[in-house]
Each structure stands twice: as structure tokens, then as C-alpha cells.
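Below are the chains, spelled out letter by letter.
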Amino acid sequence: MSRRRYSRRSRSGLSAAVEDTAHIAAKFGPLGALWTGVIGFAVFYAGIPACILAWSEESKANLKGPTATAFANLLDQVMWHRLISPCQSAGLAILLACSAIAIWKYLDWTSLDGENVNFLSAISKVVSRFIGH
């Protein structure tokens, strides 16, 4: 009898959000999967970056002194490269994965298993990286 080895996978970050959204979309029909993708895209591509930018503008308003402009520019660059750009890439990946699931379900009414959903989400992440950058 073979035993399966336990391996710890990191389940944090935007990659997990894409996979979780794809698994949720796989539970719905074609229209539900498409709506899941549209809502996920709106949240990750526009909603979260808008909140981050609002917080960033408030933080920049509190900066004072001769180096305030330099720190404000640095804060903008860090927020864009570390938070906003990855969130927008995740939003694109969510939309692509859920659209692929919706098309799959529309053309073939068989249910998707975990391997197929993971494959579709991995492909959508790669494609979103190429589109986003």
C-alpha cells in the first residue's frame, strides 16, 4: 500500500485567489461561471487598486518636510509594482479562467474535476502575465 507524501503548499496570495475563484466558478453553470469571472475581475482589477490608491494618497498628504516629494514618489512606485500591478494581473487571470470554465461548461456539460480547474487557472495566470506586462 503506497502512502501519499504530505507536502506543504503555500496557499496565500493572489495565486490562491485565482485558484479559489476558478473552483467556485466550476460549481456554477456557464452563466454563473462567467458572472463569477466578471465580479472577480471588477474586484481585483479596479476595486482593490482604487482602495490602495486612496490609502496611498492619504498617506502622501501626511508627509511633510524637504524629502516629502521623494518619499511620495517612492510610495507610488512601491504601491504600483508590489500591489496594484499584481492585483490587476490576478483580475485578468480570474476573468480568463472563469471565461474558459464558462465556455467549457457551455460546450460540454460534463463537470470539471480539480485537475482541469487547476490546469485552466495555471494557463490563465501565464496568459495574464503576458497581457499585463
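Since we're looking at a predicted model, the values are computed, not measured.

Here we take up helix α2 (residues 30-61). For α2, which comprises 32 residues, the first-to-last C-alpha distance of 46 Å matches the rise-based estimate of 46 Å (1.5 Å per residue) to within 8%. Within α2 the residues assigned to the buried category are Pro30, Ala33, Thr36, Gly37, Gly40, Phe44, Pro49, Ile52, Ser56 and Lys60. Buried positions along α2 lie against α1 (14-26) and α3 (68-107).

This brings us to the pattern of salt bridges. One side chain can pair with another of opposite charge once the charged atoms of both are near each other. If you walk through the whole model with that rule in mind, you get two salt bridges. Residues Lys60 and Glu57 are paired through a salt bridge, measuring 2.9 Å at the closest nitrogen-oxygen approach. Here Lys60 and its partner Glu57 are both found in helix α2, three residues apart, which amounts to about one turn of the helix. Residue Glu57 is classed as partly exposed on the basis of its relative accessible area of 45%. Asp76 is paired through a salt bridge with Lys60; the nearest N and O atoms lie 2.8 Å apart. Here Asp76, found in helix α3, pairs with Lys60, found in helix α2; they are 16 residues apart in sequence, far enough to count as distant. On the basis of relative accessible area, Asp76 is assigned to the partly exposed category, the value being 29%. Connected via shared salt-bridge partners are Glu57, Lys60 and Asp76.

When the terminal C-alpha atoms of α3 are compared, their 56 Å separation across 40 residues agrees well with the 58 Å that a helix rising 1.5 Å per residue should span. Where α3 bends most, the angle comes to about 40°, and this point is Trp80.

Here we take up the confidence of the model for the chain. When the pLDDT values of the chain are averaged, the result is 81; 83% of them are 70 or greater. Confidence scores differ between elements of the chain, with helix α4 (residues 114-132) showing the lowest mean pLDDT of 71 and α2 the highest of 91.

The rules behind the values
Residues numbered from 1 in each chain as written. Predicted model: local features only at pLDDT ≥ 70, side-chain atom pairs only at ≥ 80, totals over all residues. Heavy atoms only, no water. Helix = DSSP H or I, 4+ residues; strand = E, 2+ residues; numbered from the N terminus. Expected span 1.5 Å × (residues − 1). Buried < 20%, exposed > 50% of the residue type's maximum accessible area, 1.4 Å probe, protein only. Contact = heavy atoms within 4.5 Å. Salt bridge = Lys/Arg side-chain N within 4 Å of Asp/Glu carboxyl O. Bend = angle between axes of the 7 residues up to and from the residue. pLDDT = per-residue confidence, 0-100.

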